[in-house]
Amino acid sequence: MNHNRHSSRITRPLSALLVSISALLLMACSTTTDMKAFSPISIDDRSKAAIYVYRPKAMTNALYSPDLYIDDELKFPVKNGRYSRLSLSAGSYPLKLDSGDDTTSIMMTLEPGTTYYIRVTTSLKINNSLSYEPYQRKFIMEEIKHDIAQTEISECCMTKKAGTLEQEITRPDTVGSDGGFSVDKTQNPFSH
C-alpha cells in the first residue's frame, strides 16, 4: 500500500505536466495567421500592361535567384517566395530567365490595360553516376490565369502585415560603391 501512495505522488505531477505541455502544443498548432489577400494594383496608364512575376516558395534551389531579362535588359532577380510587378507598354516582348546554368524564355504579347501573371518554378535533377556530375538546375516560366495566380501569390508571397513586393532593381556592373566586398559578386560554394 505504501508503494502505491509513493507511485501516485510521482505520477500525478508528471501527468499534470504532460497534460499542460500537450495543451500548449495544441494551442500553438491551432493558431492561424491572418494572411493578407493579394489584389493587383490597378493600371494607371491605359496604354500600358502590367506583368506580375512570382515564384512560389520551394526548398528546391531556394538560394538561387535567376535573373529576369526583358528585351535583353536585366530587370531583377526572381527570388524564392516573392513577387514583382512590371509596367510595360503594349507590344511583344521576349522574357528570358537566366540562372547562369540554364536559360529559359517565353514570348509575350501584351494588350493595353491588361494584367498578366508569370509563375517561375524550379527543379533540381541529380544524376546517379559513378563519377561526379554537377546538379542540373532548371527554372521554368509560364503564364498563369489571373484567378489561379492571385490565389498562389496570396499563399506564397503575402505576409500578415504586407505583401513582399519586390521593387524593380538593377544590379550594378561594378563592385560595391566603396570598392569593397559585394555579395552580388560571390558564387555559392555548394553549387558544384
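Note: the structure precedes this text.
Note that this is a predicted model, so its numbers are computed, not measured.

### Notes on the state of the cysteines
Phase 1: Evaluated as defined, the whole model comprises one disulfide.
Phase 2: The side chain of Cys156 participates in a disulfide bridge whose partner is Cys157; the two sulfur atoms lie 2.3 Å from each other. Taking the sign of the torsion about the S-S bond as the criterion, the disulfide between Cys156 and Cys157, at about -65°, is left-handed.
Phase 3: Overall, the relative accessible area of 12% leaves Cys156 in the buried class.
Phase 4: You can call Cys157 buried: its relative accessible area is 1%.

### Structural notes on the packing of aromatic side chains
Phase 1: The tally for this structure, following the rule as stated, stands at five aromatic pairs.
Phase 2: Note on Phe38 and Tyr117: the rings are 6.4 Å apart at their centroids and 80° apart in plane angle, and the pair reads as edge-to-face. Remark: Tyr117 occurs in strand β7 (residues 115–125) and Phe38 occurs in the loop between α1 (2–30) and β1 (48–55); sequence separation between them is 79 residues. Of the two residues, Phe38 and Tyr117, neither departs from the other in class, the shared state being buried.
Phase 3: Taken together, Phe38, Tyr52, Tyr83 and Tyr117 form an aromatic cluster joined through their ring pairs.
Phase 4: A cation sits over an aromatic face here: Lys96 above Tyr69, 5.0 Å from the ring centre.

Calculation rules
Residues numbered from 1 in each chain as written. Predicted model: local features only at pLDDT ≥ 70, side-chain atom pairs only at ≥ 80, totals over all residues. Heavy atoms only, no water. Disulfide = S-S within 2.5 Å. Buried < 20%, exposed > 50% of the residue type's maximum accessible area, 1.4 Å probe, protein only. Phe/Tyr/Trp six-rings, centres within 6.5 Å; stacked < 30°, edge-to-face > 60°. Helix = DSSP H or I, 4+ residues; strand = E, 2+ residues; numbered from the N terminus. Lys NZ or Arg CZ within 6 Å of the ring centre and 35° of its normal.

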